[in-house]
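If you want the building blocks of each chain, they are given just below.
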Amino acid sequence: MKARSVGRHGPRRFWPRCLQCEPLRVQMAALREENERLAKENGRLLKENEARQQEIARLRERLSEALRAAKRQAAPFSKGAPKANPKRRGRKPGRRYGVRAHRTPPRHIDEIIDVPRPDRCACGGEVDGDVVVAQYQTEIPVKPICRRLDIHFGRCTNCGRRVYGRHPLQTSDAVGAAAAQLGPQAQAMVATLKDEVGVSYGDIEKIFLRGWGIPLTRGGAAQIVLRVGRRLAEPYRGILMVVRRSRVIYPDETGWKVAALLWWMWVFVARTATAFVIRHSRGHDVPEELLGRHWAGTMVHDGWTPYDFFKQAQHQQCLGHIQRRCKVLLETATRGAVRYPRAILELTKDAFALRDRREAGRLSLQGLSIARGRLESRLNRLLQWRLTHAANLKLANHLDAHRDELLVFLKRRGIEATSWPADQAIRPAVANRKVCGGNRDPTGARALERIASVVATCAKRQINVFEYLTQVLCAVPDQRADLACHLLGVPLPT
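Described below are features of the structure shown in this document.

Procedures and definitions
The residue count restarts for each chain, going from 1 along the sequence in the order it is written. Only residues with pLDDT of 70 or above have their local features reported here, since the model is predicted, and side-chain atom pairs are shown and tallied only from 80 upward, although totals for entire chains, interfaces and linings are computed over all residues. Note that the side-chain values use all heavy atoms of the structure and ignore hydrogens as well as water. Secondary structure elements follow DSSP: runs of H or I no shorter than four residues count as helices, runs of E no shorter than two count as strands, and numbering proceeds from the N terminus. For the radius of gyration, the atoms used are the C-alpha atoms, and the globule rule reads 2.2 Å times the number of residues raised to 0.38. Any two residues having at least one pair of non-hydrogen atoms within 4.5 Å are treated as being in contact. Per-residue accessibility takes into account occlusion by the displayed protein chains alone, with areas from the Shrake-Rupley method and a 1.4 Å probe. Criterion for a salt bridge: a side-chain nitrogen of Lys or Arg within 4 Å of a carboxyl oxygen of Asp or Glu. Any two strands between which DSSP finds at least two bridges are classified as paired. Lines fitted to the C-alpha atoms define the axes, with helices restricted to the stretch that makes contact. Angles between their N-to-C directions range from 0 to 180 degrees. The span one expects for a helix is its residue count, reduced by one, times 1.5 Å. We define the bend at any residue as the angle between the axes fitted to the seven residues before and including it, ending there, and the seven starting there. Classification of residues uses two cut-offs on accessible area relative to the type maximum, computed with a 1.4 Å probe and protein chains only: under 20% is buried, over 50% is exposed, and between them is partly exposed. Here a Phe, Tyr or Trp ring, Trp counted by its six-membered ring, pairs with any other such ring whose centre lies within 6.5 Å, and the pair is stacked when the planes are under 30 degrees apart, edge-to-face when over 60, and tilted otherwise. Comment on the angle field: the value is read as roughly parallel under 35 degrees, roughly antiparallel over 145, roughly perpendicular from 65 to 115, and oblique elsewhere. Should the near helix be turned anticlockwise from the far one by less than a right angle, the crossing is left-handed, and should it be turned clockwise, the crossing is right-handed.

With that out of the way, let us pick up the overall build of the chain. Of regular secondary structure, the chain possesses 14 helices and nine strands. The C-alpha atoms of the chain give a radius of gyration of 37 Å, which is well past the 23 Å a tight globule of 494 residues would have. Dimensions of the chain, computed from the C-alpha atoms along their principal axes, are close to 150 × 85 × 55 Å. Summarising the internal contacts of the chain: among those between residues at least 6 apart in sequence, 61% fall at separations of at least 24. In the form shown here, the chain has an accessible surface area of approximately 34,100 Å², with 53% of it arising from carbon and sulfur atoms.

Okay, structure coming up:
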């Protein structure tokens with residue numbers, strides 16, 4: 001220790017150098033650690049900022065593409081740029097080519113035209129021999145059939161009312177100003193073109209005028225559709241009864257405009273019937289109205305919350321919708337956020353592969369049970385992940401709430417893993433919506449749901465819908481309901 005020195009205010013104390021510098025060393029080390037931490041934090045933030053800038057640029061590009069596409073609604077649908085090396089179009093030769101089909105000759109010949117051979121060839125030489133080969137044509141009739149029905153009537157001696165005769169081709173007893181009508185086949189064609197094919201009333205007018213030379217106004221075509229809808233009221237109620245009694249249902253819904261207001265078109269697909277319902281609600285009251293509050297069958301759906309209202313039913317969540325949801329997440333996910341949707345996609349693919357092995361008979365019951373248990377264990381582990389990404393967390397919460405409804409199709413046969421029956425059933429209505437935009441009033445909506453249900457049910461039961469509508473239109477009024485339900489094979493509502 002150094003000696004003390006005497007100063008103005010008394011003796012000055014000198015501390016050792018080591019004791020004076022120790023606090024500075026500690027402070028400098030702390031500052032050095034803080035500087036390193038801030039440098040690492042700055043580097044991390046720079047990388048995150050770069051990733052965010054790239055994501056913003058990508059989203060801006062997608063937004064600009066969406067805005068440009070919104071301004072050209074008449075353009076055809078596109079999935080982006082074409083593939084660099086697309087596959088050759090058409091069927092491929094080999095064992096997987098399929099059936100080599102061709103148009104079969106007609107069984108009945110209405111007209112035979114003889115086509116003589118030419119006497120000379122194009123080169124100028126004479127033609128020798130005469131061999132006959134057949135070529136067949138099936139042509140549409142251009143000239144319409146115009147009938148006049150001379151209907152006889154008399155008066156009842158009991159009540160004095162007029163009693164008219166009726167021909168099997170009549171669709172109505174109207175005479176006078178309403179005596180000129182279209183035949184049953186023409187009316188059936190109008191109804192199927194409008195509500196099955198999705199042709200507008202204006203195009204129906206052009207088809208009838210140019211194809212057959214039959215003048216038809218748009219209002220007249222609309223009245224025909226409404227008339228057909230009224231005459232299908234009883235078979236439509238019979239279809240609803242069949243759907244209500246079914247044990248497996250595939251429901252779906254889509255937006256629909258009625259009188260320029262947003263309504264909803266529902267479809268309920270059963271094994272032998274399909275019912276369309278147009279209502280102003282998208283809640284559980286619509287399926288409850290159709291199926292009943294205590295319906296206890298199996299329902300395969302896309303996860304829409306109102307379907308959970310049926311507590312006594314067994315539910316199967318559509319894995320196709322879950323896969324599409326994961327693919328949408330992967331379009332914008334970055335870094336570690338892609339792991340969870342990829343894992344869910346792999347799980348669903350393995351579930352589909354297990355189903356295919358079961359259907360092919362390459363798996364025993366014990367093997368199926370073991371494989372299904374492994375899939376359930378994988379699902380439970382995925383649901384235990386600690387997620388920070390908001391979209392992934394939302395997906396995980398949905399899967400966790402319905403974890404017992406994801407692999408039901410592996411436990412019970414006859415149940416689809418996706419809701420494709422409902423998606424395919426509602427697709428024609430979606431195409432129809434692009435043409436007409438909906439219905440002008442609830443009366444047109446009721447006609448549409450009836451005709452669409454009858455058309456779809458006829459397709460399931462392999463019934464010619466054109467012939468069915470023709471017979472229903474020609475039926476006597478007091479026998480129409482019984483005949484329409486009998487031909488369709490549905491119960492007659494009481």
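That was the structure; now back to the text.
What follows deals with the pattern of salt bridges. Side-chain pairing between opposite charges can occur once the charged atoms of the two side chains come close. In total, this model carries 19 salt bridges according to the counting rule given. Between Arg62 and Glu331 there is a salt bridge, with the nearest N and O atoms lying 3.2 Å from each other. Taken together, the positions of Arg62 in helix H1 (residues 17-70) and Glu331 in helix H7 (residues 319-332) put the pair 269 residues apart, joining distant regions of the chain. Each of Glu41, Arg44 and Glu48 takes part in salt bridges that share partners, so that together they form one network.

Turning to the sheet that holds strand S7 (residues 274-279), a few remarks are in order. Taken in spatial order, the five strands of this open sheet run S7-S6-S5-S8-S9, and their pairing is mixed. Pairing within the sheet leaves two strands with one partner each, and these edge strands are S7 and strand S9 (314-317). Each neighbouring strand pair of the sheet contributes to a mean axis angle of 25°, computed without reference to strand direction. The sheet contacts of helix H11 (residues 420-436) involve strand S5 (248-258), strand S6 (261-269) and S7, and relative to S5 the element is tilted by about 15°.

Attention shifts here to H11. Taking 1.5 Å as the rise per residue, H11 with 17 residues should run 24 Å; its terminal C-alpha atoms sit 25 Å apart, in good agreement. Bending of H11 peaks at approximately 35° at the position of Arg427, with proline Pro428 no more than four residues after it. Here H11 has its buried residues at Pro421, Ala422, Ala425, Ile426, Ala429 and Asn432. Buried positions along H11 lie against helix H2 (184-197), S5, S6, S7 and helix H12 (442-460). Gly437 occupies a position one or two residues after H11 and carries a positive phi of about 80°.

In this model helix H5 (residues 233-245) runs 19 Å from its N-terminal to its C-terminal C-alpha over 13 residues, within 8% of the 18 Å that 1.5 Å per residue would give. When we look at burial in H5, the residues that qualify are Ala233, Pro235, Tyr236, Gly238, Ile239, Leu240, Met241, Val242 and Val243.

This part is about the packing of aromatic side chains. Across all of its chains, the model carries eight aromatic pairs by this definition. Their ring planes at 35° and their centres at 4.9 Å tell us that Phe153 and Tyr164 sit as a pair that is tilted. Of this pair, Phe153 sits in strand S3 (residues 153-155) while Tyr164 sits in strand S4 (residues 162-164), and the two are eleven residues apart along the sequence. Note on Trp266 and Tyr307: the rings are 6.1 Å apart at their centroids and 90° apart in plane angle, and the pair reads as edge-to-face. Separated by 41 residues along the polypeptide, Trp266 in strand S6 and Tyr307 in the loop between strand S8 (298-301) and S9 bring together distant segments of the chain. Relative accessible area serves as the criterion here: at 0%, Trp266 is assigned to the buried category. We classify Tyr307 as buried; its relative accessible area is 0%. Each member of the aromatic cluster is reached from another via a ring pair, and the members are Trp266, Phe268 and Tyr307.

Here Leu395 is to be found in helix H10 (residues 390-401). Residue Leu395 is classed as buried on the basis of its relative accessible area, which comes to 0%. C-alpha of Leu395 to C-alpha of Ser172: the two residues are 223 residues apart in sequence and 57 Å apart in space. In this view, Leu395 contacts Arg325, Cys326, Leu329 and Tyr340; residues no more than four positions away in its chain are not counted.

Our focus in this paragraph is unusual backbone geometry. Not every positive phi belongs to a glycine, and Ala260 is a case in point at roughly 65°. Summarising the element assignment, Ala260 is placed in the loop between S5 and S6. Since its relative accessible area comes to 67%, Ala260 is described here as exposed. Positive phi outside glycine occurs at Gln462, with the angle close to 55°. As for its placement among the helices and strands, Gln462 is situated in the loop between H12 and helix H13 (465-474). Among the residues examined, Gln462 registers a relative accessible area of 77% and is labelled exposed.

Contact geometry for H2 and helix H3 (residues 201-212): axes closest at 10 Å, N-to-C directions at 140°. Judged by the inter-axis angle, H2 sits oblique to H3. At the point where H2 passes H3, the crossing takes the right-handed sense. Note on element contacts: H3 touches H2 through Tyr201, Ile204, Ile207, Phe208 and Trp212, opposite Ala186, Met189, Val190, Leu193 and Lys194.

What follows concerns the pairing of S8. For a regular strand, side chains alternate in direction, first toward one face of the sheet and then toward the other. In S8, alternate side chains face the same way, and those of Thr298 and Val300 on one face and Met299 and His301 on the other are all buried. Where S5 lies against S8, two bridges are found, and the strand directions are parallel. Bridge pairing links Val248 to Thr298 in S8. Relative to S9, S8 is paired through four bridges, and the arrangement is parallel. Opposite Thr298, over in S9, you have Gln314 as the bridge partner.

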